[in-house]
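The primary structure of each chain is shown beneath.
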Amino acid sequence: MGECAGLTREFAERLEKRLDELKWLYAELYHNDENAFRYFLSMLERMYEARPEELKVLDREREQSADWYRSNEVLGMMLYTNCFAGNLRGVREKLPYLKESGVTYIHLMPLLASPKGRSDGGYAVADFRQVEPELGTMEDFAALASDCYKSGMSVCLDFVMNHTSEDHEWARRARAGEKEFQDRYFFFDNWNIPNEFDRTVPQVFPTTAPGNFSWCNEVGKVVMTSFYPYQWDLNYANPTVFNDMTENLFFLCNQGADIIRLDAVPYIWKSLGTDCRNLPQVHTIVRLMRMAAEIVCPGVQLLGEVVMEPSKVVPYFGSTEKPECHILYNVTTMATTWHTVATKDVRLMKHQLGQIFALPKQYLFLNYLRCHDDIGWGLDYGFLKQFGIGEVGHKRFLNDCLRGYFYGSDARGELYNDDPRLGDARLCGTTASLCGIEAAEYEGNAWKLDRAIRLHIMLHAFLFTQSGVPVIYSGDEIGQLNDYGYHNDPYKWDDSRYLHRGAFSWDEAALRKDTESREGRIFNALRKLEITRREHPVFLAAADTWIIETYNDHVLGIGRYYDGEKLVALFNFSPQDETAWVNEPEDYTDLMTGESRRAQAVGIPAFDFAWLLWSREEELKREKEAEAEREAAAKKAAKERKAAEKKKASGAKKPEKNPVPEAEKMLDKEVEAKRESEETAANKPAERAEEARKAEEEASEAAAERKAAEERKAAEEAARKTVEAVMKAEDAAKKAGKAAQSKRAASGTKGKKKGTKK
């Protein structure tokens, strides 16, 4: 395997560290198929040798700094190449704008070749090594990736693992009857086995693409199509599929992609009698891919797309000893965020974030508000049940509220994949339109617009407060609205996700310099948040995080601490001004205004937030400054005393050197004494007046200081009493409830006894 000099030795050393586990897992998954494993190893070496030297240098740098992607300087942006700049060359020309936006990595949504009208937005790939012609070539992508690398940016690409397009070469040869290629998919001679699968496998798109199988006329067989009929599921039980798909992945990495999004990864292993979701073999495959990437291209990160409940998401991180994905989408927090916007109630968010904060710090999430996909309401309905909230009814409320169908709602969204039979549907729309900006501008209501922009900015502040990698959806940085033009396109009109996949408006982006415009207000506010996040280590993923109790169900409180910095972050989801009943003792600085601010009974305007920072370094600096001021004042006072003493001493007459007669001496003394007596008598009123003035000034300053101290003490005491009153009221209510319950129980017992006696 090439234990020779130079670069090949580097490959051999990486392989040797992982070979035992690699071989064991591969043999377990593919029943000791040694030929397939030898081919797999030869493929790894071939892809390593084909990797450009520029990328190998990057690999070595990142091996030395393994946590580079955990930095608080990382900021991502998701964008469609054609919507953003027409093609890949256009994106290269727009890199300065991305740099200005603070972006350090760009996620280029699916750009590989896929058939028009049957592309599922690019997720039905016909060729993993060719770019969609209208977007450019693979050489254009490599040039863009190189420019990004030189500009300090990373590039993310989607890797569609679960299926290929029916136009892929493998699918075409399968339709031609070649058994080898039919074995790369799931073909069945009749509907017997597919019907058995359908007993346990849920449908992905029950309304737009019902069923999990489709009929293939060319060969007269049934083929598995879990998503759309034109997307054929790959059979990863066939080692050839795993080997060749892994090679396709490394081909994209060698073009310059250094973050790979594993699309629909929970679905990739199929087994009869199961739901074909999150099976153990899926984790084996992801672990094999992780080790293979660490051998061939260790600078590449695997980003897992797992749209499941939290208990199913976390296992895709693997373990500390045997990691799987580097990063996972934080789907649950995204959905819970929009639930909180609709309900104005933060209790579910507190519960959900509490689970996230309890996870090990090496687990890194990708956090976002909106993306190319819909919003699925995968919430914790077990938690909501205690408040009398049912799943079907609540989903209907959320969809009505965020479409503007609910009284008082200015949100503008549309349903996706509505299933009236089950009362289930998902939601589409841009962040700005869901926040009410679209409705406010349509109505020409400046007050509503101000409030909607505040909500838009507050949600991004919440996004940046979470641990992990924040990613903005292209257009959100200028508050871009929904694009209803898709209704007129026959290729798009049945997929409402195109509502938020509209073309980027460069005319609106040009207004970002105008601080009075909607675009300028949002762009500059987000830039300020991004810069603030970069400047303070408290935003690092390694920081301790916890929920701060605000005693207000409309206000979310998050605490962060790292290396001498403590952040109190407060978010008001209510359309009314609210108070966060917190009582943090330290001296804080408001990061948005730079002014000192107490973290006690903090008032938060409607749809606004507060970032309050305490810094040990700043506190020590203030203490040193105060000490220096005290020392300077002491030195000044000592200097003034010395000057006064010197002046007083110089006033006494020096003795004469020449001898004089005794009578003359006595006469001189009498004259001098008389003169001094007259001068003293003349100066005494002025000295008394000066002393009185100084005493009055000192008394005034002391009184002002006492008054300020009394006011601070009174404010702190009022805040403390308010919090104590709230807590006592809660305790009293609980005791009253228990007393009433005991009284009813006693009354019932007494009634029974009287009835028995009678």
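You'll find the structure just up there.
The rules behind each value
Residues numbered from 1 in each chain as written. Predicted model: local features only at pLDDT ≥ 70, side-chain atom pairs only at ≥ 80, totals over all residues. Heavy atoms only, no water. Salt bridge = Lys/Arg side-chain N within 4 Å of Asp/Glu carboxyl O. Helix = DSSP H or I, 4+ residues; strand = E, 2+ residues; numbered from the N terminus. Buried < 20%, exposed > 50% of the residue type's maximum accessible area, 1.4 Å probe, protein only. 1 Å grid on protein atoms, 1.4 Å probe; cavity = no way out; pocket = protein on both sides within 12 Å on 5 of 7 lines; lining within 4 Å. Points joined across faces, edges and corners; volume = space filled by probe spheres on them. Nonpolar A, V, L, I, M, F, W, Y, C, P; charged D, E, K, R; others polar. Contact = heavy atoms within 4.5 Å. Core = buried A, V, L, I, M, F, W, Y, C linked by side-chain atoms within 4.5 Å. Pairing = 2+ DSSP bridges. Axes fitted to C-alpha atoms, helices over the stretch in contact; angles between N-to-C directions. Expected span 1.5 Å × (residues − 1). Right-handed = clockwise from strand over helix to strand, strands pointing away. Left-handed = near helix turned anticlockwise from the far one by under 90°.

Caption draft 1: Main features of the pattern of salt bridges. For the coordinates displayed, the defined rule picks out 55 salt bridges. We note a salt bridge from Arg-62 to Asp-258, for which the minimum N-O separation is 3.2 Å. One end of the pair, Arg-62, is in helix H3 (residues 53-64); the other, Asp-258, is in the loop between helix H11 (239-254) and strand S11 (259-263), and 196 residues separate them in sequence. Each member of the pair, Arg-62 as well as Asp-258, carries the same accessibility label: buried. A salt bridge links Asp-374 to Arg-426, with the nearest nitrogen and oxygen atoms 3.6 Å apart. Here Arg-426 lies in strand S16 (residues 424-428) and Asp-374 lies in the loop between strand S14 (364-368) and helix H16 (381-384), a separation of 52 residues in the sequence. For Asp-374, a relative accessible area of 9% corresponds to the buried category.

Caption draft 2: Focus on empty space enclosed by the protein. For the structure shown, the criterion picks out six cavities of 30 Å³ or more. One number sums up the size of the largest cavity: a volume of about 180 Å³. Residue lining of the largest cavity: 20 residues in total, with Tyr-473, Ser-474, Gln-480, His-500 and Gly-502 positioned closest to the centre. Across the lining of the largest cavity, the residue classes break down as ten nonpolar, seven polar and three charged.

Caption draft 3: Main features of the environment of Phe-317. Note on placement: Phe-317 falls in the loop between helix H13 (310-313) and strand S13 (327-329). Note on Phe-317: relative accessible area 4%, which makes it buried. For Phe-317 and Ile-327, which are ten residues apart along the polypeptide, the C-alpha to C-alpha distance reads 7.4 Å. Filtering out sequence-adjacent residues up to four positions away, Phe-317 remains in contact with Pro-323, Glu-324, Cys-325, His-326, Ile-327, Leu-328, Tyr-363, Leu-364 and Phe-365.

Caption draft 4: Geometry of the nonpolar core. By size, the foremost hydrophobic cluster in this structure holds 190 residues, and its most contacted members are Leu-44, Phe-250, Phe-571 and Trp-611. The greatest single-element share of this core, amounting to eleven residues, is contributed by helix H20 (residues 446-465). With 13 residues, the next largest nonpolar core counts Leu-570, Ala-580, Ile-604 and Ala-610 among its residues.

Caption draft 5: Molecular detail of the sheet that holds strand S20 (residues 565-572). The six strands lie next to each other as S18-S19-S20-S23-S21-S22, forming an open sheet whose pairing is antiparallel. A single partner strand is all that each edge strand has here, and the edge strands are strand S18 (544-548) and strand S22 (596-604). Strand-to-strand twist across the sheet, computed as the mean angle between neighbouring axes with direction ignored, equals 15°. Pairing analysis gives five bridges linking S18 to strand S19 (residues 555-562), with the strands arranged antiparallel. Among the inter-strand pairings, Ile-548 is bridged to a residue of S19, identified as Gly-557. Across the face of the sheet, H20 comes into contact with S19, S20 and strand S23 (609-615) while running at roughly 145° to S20.

Caption draft 6: Up close: unusual backbone geometry. In this structure, His-31 takes a positive phi of about 55° despite not being glycine. Tracing the backbone shows His-31 in the loop between helix H1 (7-29) and helix H2 (34-49). The class for His-31 is exposed, based on a relative accessible area of 70%.

Caption draft 7: Molecular detail of H11. With 16 residues, H11 should reach 22 Å at 1.5 Å per residue; the first-to-last C-alpha distance of 23 Å fits that figure. Within two residues after H11, Gly-256 carries a phi angle of roughly 125°, on the positive side.

Caption draft 8: Region of interest: the sheet that holds strand S8 (residues 213-216). Strand order in the open sheet formed by three strands is S7-S9-S8, with antiparallel pairing between adjacent strands. Strands with a single pairing partner mark the edges of an open sheet, and in this sheet they are strand S7 (187-188) and S8. Sheet analysis places S7 next to strand S9 (residues 221-224), joined by two bridges and oriented antiparallel. Bridged to Phe-187 within S9 is Val-223.

Caption draft 9: Representation of the pairing of strand S12 (residues 301-304). Residues Gln-301 and Leu-303 point to one face of S12 and Leu-302 and Gly-304 to the other, with burial holding for every one of them. Judged from the four bridges that link them, S11 and S12 form a sheet pairing that is parallel. Bridge pairing in S12 places Leu-262 opposite Gly-304. For the segment spanning S11, helix H12 (residues 280-296) and S12, crossover handedness is right-handed.

Caption draft 10: Quick peek at the layout of surface pockets. Of the pockets and cavities examined, the second largest pocket occupies roughly 770 Å³. Along its surface, the second largest pocket is lined by 31 residues, and Gly-117, Ser-119, Gly-121, Gly-122 and Tyr-498 are the ones closest to its centre. Of the residues that constitute the lining of the second largest pocket, the class distribution is twelve nonpolar, eight polar and eleven charged.

Caption draft 11: Spotlight on the packing of helix H14 (residues 331-343) against H20. Axis separation between H14 and H20 bottoms out at 12 Å; the angle between their running directions is 145°. Where H14 crosses over H20, the two elements pack in a sense that is right-handed. The residues of H20 that touch H14, namely those facing Thr-333, Thr-337, Trp-338 and Val-341, are Leu-455, Leu-459 and Phe-462. The residue inventory of the contact of H14 with H20, partitioned by class, reads five nonpolar, two polar and no charged.

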